[in-house]
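# Observations on the model geometry
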Amino acid sequence: MIKPPVVAIYGASDSGKTELVVNLVKDFVEEGLKICTVKHSPGEFSLDVEGKDTWRHREAGSRLTVLATEVETAFLVPEKMKLEEIGEIVDGFGDYDLVIAEGYKGAEVPKIAVGEIEPRCCTLRVYDGDFDALKEEIRELLEVKEIEAKLPGLDCGRCGYDSCNGLSLAIYNGEKDLSHCEVREQRTVNLEVNGERVPLENFPASFVEGGLKGMLGALKGVDEEIDRISLEIWDDS
Ligand code: SF4
């Protein structure tokens, strides 16, 4: 399941995080990327106002309240969410190329540290004012994700890397190519559920393929030579 890549910009307050996020958004939008931003605000701040209609909906037990006006639509979820969870959800709002988050120093996503702060896990770079180098690093992240989307997502280690991301990086660096993923080479079945690819090991893949081809072989009017099978199942129950 490949969602839009998420990168978080973190640092102490007044370190210039917002300025950096704004400049990145402007540049990437100008280059044609579709960007989503997330701002983390510490403390128990709420957009909802006690006594207002949306507040009353929530108090009544609504798990998601949507405030829709003539100019914007706000989705109010009455719980704290991890950045990784937000990254999954925003995918349903549009086809974003990149999610840029401000804050979230503890999130397990690629991060950029700004100003005087102890670098945390997953920090790609401590920002030193070289804006072009930072953009290049983020572009590299996008390209590696694009390669990763072509791999099965099993993280089985058969290619010699711990994860598909490891091989993606090696391919990006020109050290390997897609043929180094033997799972991908042998795979003939692509299974998607609700639009999301489901990683399949060789055994279930050949089980699905063999079962379908066997069934089709017994049906009248089906070509003996099968190049491609497409099957869609809707569950309205
Ligand atoms: S062999 Fe393929 S599926 Fe397994 S970790 Fe490597 S790239 Fe991913």
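A short tour of the structure in this document, coming up. Every value quoted in this text rests on a predicted model; they were computed, and no experiment measured them.

Here the focus is the packing of helix α1 (residues 17-30) against helix α4 (residues 131-148). Where α1 meets α4, the axes come as close as 12 Å, and the angle between the chain directions of the two elements is 65 degrees. The handedness of the crossing between α1 and α4 comes out as right-handed. Where α1 approaches α4, its residues Leu20, Asn23, Leu24, Asp27 and Phe28 are matched on the opposing element by Phe131, Leu134, Lys135, Ile138 and Arg139. Residues of the contact of α1 with α4, tallied by class, amount to 6 nonpolar, 1 polar and 3 charged.

Let us look at the side chain of Asp48. In this fold, Asp48 is placed in the loop between β2 (35-39) and α2 (53-59). For Asp48, a relative accessible area of 12% translates into the label buried. One polar contact links Asp48 to Thr54, side chain to side chain, over a distance of 2.5 Å. Ignoring anything within four residues of it in the chain, the contact list for Asp48 reads Thr54, Trp55, Arg58 and Leu76.

Okay, the site of the ligand next. By nearness alone, every residue bordering the ligand is listed as Pro152, Leu154, Asp155, Cys156, Gly157, Cys159, Ser163, Cys164, Leu167 and Cys181. When grouped by side-chain class, the residues that make up the shell around the ligand number 7 nonpolar, 2 polar and 1 charged.

With that settled, the discussion passes to helix α5 (residues 164-172). Three or more residues of α5 are buried, namely Cys164, Gly166, Leu167, Ser168, Ala170 and Ile171. Of the surrounding elements, those touching the buried residues of α5 are α4. After α5 finishes, the residue Gly174 shows a positive phi value of roughly 80 degrees.

What follows covers a nonpolar patch on the surface. On the surface, a nonpolar cluster with roughly 510 Å² of combined accessible area is contributed by Leu64, Val66, Phe75, Val77, Ile89 and Phe93. The partly exposed category is assigned to Phe93, whose relative accessible area is 46%.

Calculation rules
- Residues numbered from 1 in each chain as written.
- Predicted model: local features only at pLDDT ≥ 70, side-chain atom pairs only at ≥ 80, totals over all residues.
- Heavy atoms only, no water.
- Axes fitted to C-alpha atoms, helices over the stretch in contact; angles between N-to-C directions.
- Helix = DSSP H or I, 4+ residues; strand = E, 2+ residues; numbered from the N terminus.
- Left-handed = near helix turned anticlockwise from the far one by under 90°.
- Contact = heavy atoms within 4.5 Å.
- Nonpolar A, V, L, I, M, F, W, Y, C, P; charged D, E, K, R; others polar.
- Buried < 20%, exposed > 50% of the residue type's maximum accessible area, 1.4 Å probe, protein only.
- Polar contact = N/O pair within 3.5 Å; in protein donor to acceptor, adjacent residues only side chain to side chain.
- Near = heavy atom within 4 Å.
- Patch = residues over 30% accessible without salt bridge, like charges linked within 9 Å, V, L, I, M, F, W, Y side chains within 5 Å.
- Areas by Shrake-Rupley, 256 points an atom, 1.4 Å probe, with all protein chains shown as cover.
- Salt bridge = Lys/Arg side-chain N within 4 Å of Asp/Glu carboxyl O.

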